[in-house]
Amino acid sequence: MDSVTNGNDIWKTALGDIETKVTKPIFETWFKYPKTKAKDFSDNVLTIEALDGFVSDYLEKRMFTVISDAVQKQTKEGVGIKIVVNGSNFIPDVNSDAQSIKPIKTAGIKINLHYTFENFVLGPSNELAHAASLSVSDAPGKTYNPLMIYSEVGLGKTHLLHSIANKLNQNKLNFYYLTCEDFTNEYIKSIRTNSTEKFREKYRSIDALLLDDIQFLMGKEQTQEGFFHTFNALHLSGKQIVITSDRPISGLKLLEDRITSRLSGGLVVDIQFPDFETRLDILKQKSKIKNIKLDDQILSFIANRVYHNVREMEGSLNKILALSELTGKTLDLEATEELLGAPEDSGVFSDPDEIIQKVASYYQITIEDLKGKSREQRYATPRQVAMFILREDSKINLSSIGKLFGGRDHSTVLHAIRRIQTDAATNQNLRRDLLSLRSSIINRNN
Ligand code: ADP
Ligand code: MG
């Protein structure tokens, strides 16, 4: 009880702060009660409950820094923030139907039965990750150990991890599937309650440990320490470990070096943004699962629109599904266009050229210098800022951003964006620049 009251106070004050930082429509759509409320504050973690998966998704993806800044102001440094949906501790995939998620006994956690290897569409962007995942589920601990799957959000890491879980289950092997965060919290709790032996015993009895989202450990040193010991013990005893990350290993720098080198000692595979053919295949496959019939023209139309990731693309399919259920009609191309907007119409998202122009004029440099090759900081920082904002506020992907900047490649852009994310955590001036630039862009669109 106590903890919730306390959490309420923190969150109320934080909301007051956030209200001054974001535009009114954003505040009302995504933050204002009942969109969010405090659920719990304990073990140095503030849990915020979001009204639904859309709210939690948006907050996680676009507002996390704002939230975390506002909360840190009210609390000691290092407070963790967790966003959950509707009383569950589990952030559902907003695009998957809840019924498909059934508990698998051996796992003790909900595994999505639709997330299987069979349902994972192959393409050049993901076949290596797929092959490696398949291989470890057939011979856990014997081939690649640890296996680390890396990609940006929404490109299929969790899907592959669940596929491994489903396959292990079929093969009657024992495993645990959990997020790195939950795994570590469990470890810390076992120390506090003097039950580390029990904790170790539990994990010693399995064949594989599947850990989602290691990036949560960034910057949490004590937590990393506990993580490392457990991880190491399991690894040494030949248990298969599979970890996913939405950052490349180099971007996890903040992790203890020992962990980084252990991870690099295994196999690291990445998943890239799928090409058109693969996107089309994914759409075909998802519509089959969701039991909707759409002709190829419509599917191509969807695949041609601009998305950050597969999850967003699936969102379009769900919109169409919802509408055709409401009207009882199968949609034609025209209705689809009307519903989703034309491919080049990016709705509330901002125009890339305009972002570039705004950033250049904010920093008082020319567009040529902004896009140019100079590494001088007065050009390099604005360039990174522009890439960061393009990624956040326009709907173009990393490669397209690279093209806007004289043909830089996708990893260079990613590096620039991570750089801004990391720096913004400690550099108040940078945060101020980002806020005022982005609010001038967001304001225009609302
Ligand atoms: P991540 O964990 O990388 O953020 P998810 O695994 O949650 O991404 O994937 C987001 C959505 O995209 C899921 O619904 C998943 O099924 C779908 N998806 C991604 N890649 C593929 C693929 N190759 N084939 C089928 N579905 C995919
Ligand atoms: Mg995931």
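Residues numbered from 1 in each chain as written. Chains lettered and ligands numbered in written order. Predicted model: local features only at pLDDT ≥ 70, side-chain atom pairs only at ≥ 80, totals over all residues. Heavy atoms only, no water.

Topic: the pairing of strand 1 (residues 36–42)
- With six bridges joining them, strand 1 and strand 2 (residues 45–50) adopt antiparallel strand pairing. The residue bridging Ala38 from the neighbouring strand is Ile48, located in strand 2.
- With antiparallel pairing between neighbouring strands as the criterion, strand 1 and strand 2 make up a hairpin whose turn holds two residues, including Asp43 at a positive phi of roughly 50 degrees. (Pairing = 2+ DSSP bridges. Helix = DSSP H or I, 4+ residues; strand = E, 2+ residues; numbered from the N terminus.)

Brief notes about unusual backbone geometry
- Each neighbour pair has its own omega, and for Tyr33 with Pro34 the value is 10 degrees, a cis peptide bond.
- Along the chain, the position of Pro34 falls in the loop between helix 2 (24–31) and strand 1.
- The residue Asn194 is not glycine, and still its phi comes out positive at about 55 degrees.
- One non-glycine residue, Gln364, adopts positive backbone phi at about 55 degrees.
- With respect to the helices and strands, Gln364 occurs in the loop between helix 15 (352–362) and helix 16 (367–371).
- A residue is classified by how much of its surface remains accessible, and Gln364, at 73% relative accessible area, is exposed. (Buried < 20%, exposed > 50% of the residue type's maximum accessible area, 1.4 Å probe, protein only.)

Some details on a negative patch on the surface
- On the surface, a cluster of negative charge is made up of Asp295, Asp296, Asp332, Glu334, Glu337 and Glu338.
- Ranked by residues supplied to the negative patch, first place goes to helix 14 (residues 333–340) with three residues.
- Look at Glu337 and you get partly exposed, because its relative accessible area is 33%. (Patch = residues over 30% accessible without salt bridge, like charges linked within 9 Å, V, L, I, M, F, W, Y side chains within 5 Å. Areas by Shrake-Rupley, 256 points an atom, 1.4 Å probe, with all protein chains shown as cover. Salt bridge = Lys/Arg side-chain N within 4 Å of Asp/Glu carboxyl O. Lys, Arg positive; Asp, Glu negative; His and termini not counted. Charge placed at Lys NZ, Arg CZ, Asp CG, Glu CD.)

Comments concerning the pattern of salt bridges
- Inspection of the entire model under this criterion finds 16 salt bridges.
- Between Glu314 and Lys286 there is a salt bridge, with its nearest N and O atoms 3.8 Å apart. One end of the pair, Glu314, is in helix 13 (residues 310–327); the other, Lys286, is in helix 11 (residues 276–289), with 28 residues separating them in the sequence. Judged on exposure class, the residue Glu314 and its partner Lys286 are both buried.
- The salt bridge partner of Glu314 is Lys290, with a shortest N-O separation of 3.5 Å. A residue pair is termed long-range when its members are at least 10 positions apart, and Glu314 in helix 13 and Lys290 in the loop between helix 11 and helix 12 (296–304) qualify at 24 residues.

Looking at helix 10 (residues 257–265)
- Among all positions of helix 10, only Ile259, Thr260 and Leu263 are buried. Viewed along the axis of helix 10, the buried residues span an arc of 100 degrees, placing them on a single side of the element. Projecting away from the buried face of helix 10 at angles above 90 degrees are the exposed residues Asp257 and Gly265.
- Among the structural elements, strand 6 (147–150), helix 9 (221–236), strand 9 (240–245) and strand 10 (267–270) are those in contact with the buried residues of helix 10. (Arc of directions from axis to C-beta. Contact = heavy atoms within 4.5 Å.)

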